Amino acid sequence: MTREAEQGRGPDGQAVLLMAGLTDLAVSTLGSALGTVRGLLRRSDAAELVAEAERDLTARGRLVLDRYVAVPSAHLEILARRALDRQAGR
């Protein structure tokens, strides 16, 4: 997984995170989601709820991708990054 997708930056990474989160949400809570959606459609603060839902779905998507797709960094790559960080600190 690229660093861009991992951090959710860019339209592609954001779309992948949102879709993964939406899929996880649909599988786990489909039955209760229908009743919740009916109630949300009647609310006056729908724009704020949509923004909050987008943040929640992005977080869920990040968790799903980390759970199933993430490959740990190579050991030598981690050591090289630490060495570069130490050199940059001097």
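Rules used in this analysis
Residues numbered from 1 in each chain as written. Predicted model: local features only at pLDDT ≥ 70, side-chain atom pairs only at ≥ 80, totals over all residues. Heavy atoms only, no water. Helix = DSSP H or I, 4+ residues; strand = E, 2+ residues; numbered from the N terminus. Buried < 20%, exposed > 50% of the residue type's maximum accessible area, 1.4 Å probe, protein only. Contact = heavy atoms within 4.5 Å. Areas by Shrake-Rupley, 256 points an atom, 1.4 Å probe, with all protein chains shown as cover. 1 Å grid on protein atoms, 1.4 Å probe; cavity = no way out; pocket = protein on both sides within 12 Å on 5 of 7 lines; lining within 4 Å. Points joined across faces, edges and corners; volume = space filled by probe spheres on them. Nonpolar A, V, L, I, M, F, W, Y, C, P; charged D, E, K, R; others polar. Salt bridge = Lys/Arg side-chain N within 4 Å of Asp/Glu carboxyl O. Expected span 1.5 Å × (residues − 1). pLDDT = per-residue confidence, 0-100.

## Describing the overall build of the chain
The number of helices and strands found in the chain is four helices and zero strands. Each helix (α) and strand (β) of the chain, taken in turn from the N terminus, gives the series α-α-α-α. For the chain, the residues scored as buried account for 12% of the 90 residues in total. Long-range contacts, defined as pairs at least 24 residues apart, comprise 79% of the intrachain contacts of the chain with a sequence gap of at least 6. Approximately 7,200 Å² of the chain is accessible, and the part contributed by carbon and sulfur atoms is 60%.

## Some thoughts on the layout of surface pockets
When its volume is computed, the largest pocket comes out at roughly 660 Å³. Lining the largest pocket are 20 residues, with Leu-25, Thr-36, Val-37, Leu-40 and Ala-53 sitting closest to its centre. Looking at the lining of the largest pocket, the elements that each hand over two or more residues are helix H2 (10–41) and helix H3 (46–68). Looking at the lining of the largest pocket element by element, the count peaks at 12 residues for H2. Tallied by class, the residues present in the lining of the largest pocket amount to 14 nonpolar, three polar and three charged.

## Brief notes about the pattern of salt bridges
Overall, the coordinates contain three salt bridges when judged by the stated rule. For Asp-56, the salt bridge goes to Arg-60, with nearest N and O atoms at 3.8 Å. Of this pair, Asp-56 and Arg-60 are both found in helix H3, four residues apart, which corresponds to roughly one turn of the helix. With a shortest N-O distance of 2.3 Å, Glu-77 and Arg-81 are connected by a salt bridge. With Glu-77 and Arg-81 both in helix H4 (residues 75–89), this residue pair falls four residues apart, about one helical turn. Connected through salt bridges with shared partners, the residues Asp-24, Asp-56 and Arg-60 form a single ionic network.

## Thoughts on H4
For H4, built from 15 residues, the straight-helix expectation of 21 Å at 1.5 Å per residue is met to within 8% by its first-to-last C-alpha distance of 22 Å. Buried residues are scarce in H4, accounting for zero of its 15 residues.

## Topic: the confidence of the model for the chain
Residues at a pLDDT of 70 or more form 87% of the chain, whose mean pLDDT is 80. Within the chain, helix H1 (residues 3–7) has the poorest average pLDDT of any element, 50, and H4 the best, 88.

## Comments concerning H3
With 23 residues, H3 extends 32 Å from end C-alpha to end C-alpha; this agrees with the ideal 33 Å at 1.5 Å per step. Taken together, the buried positions of H3 are occupied by Leu-57, Thr-58, Gly-61, Val-64 and Leu-65.

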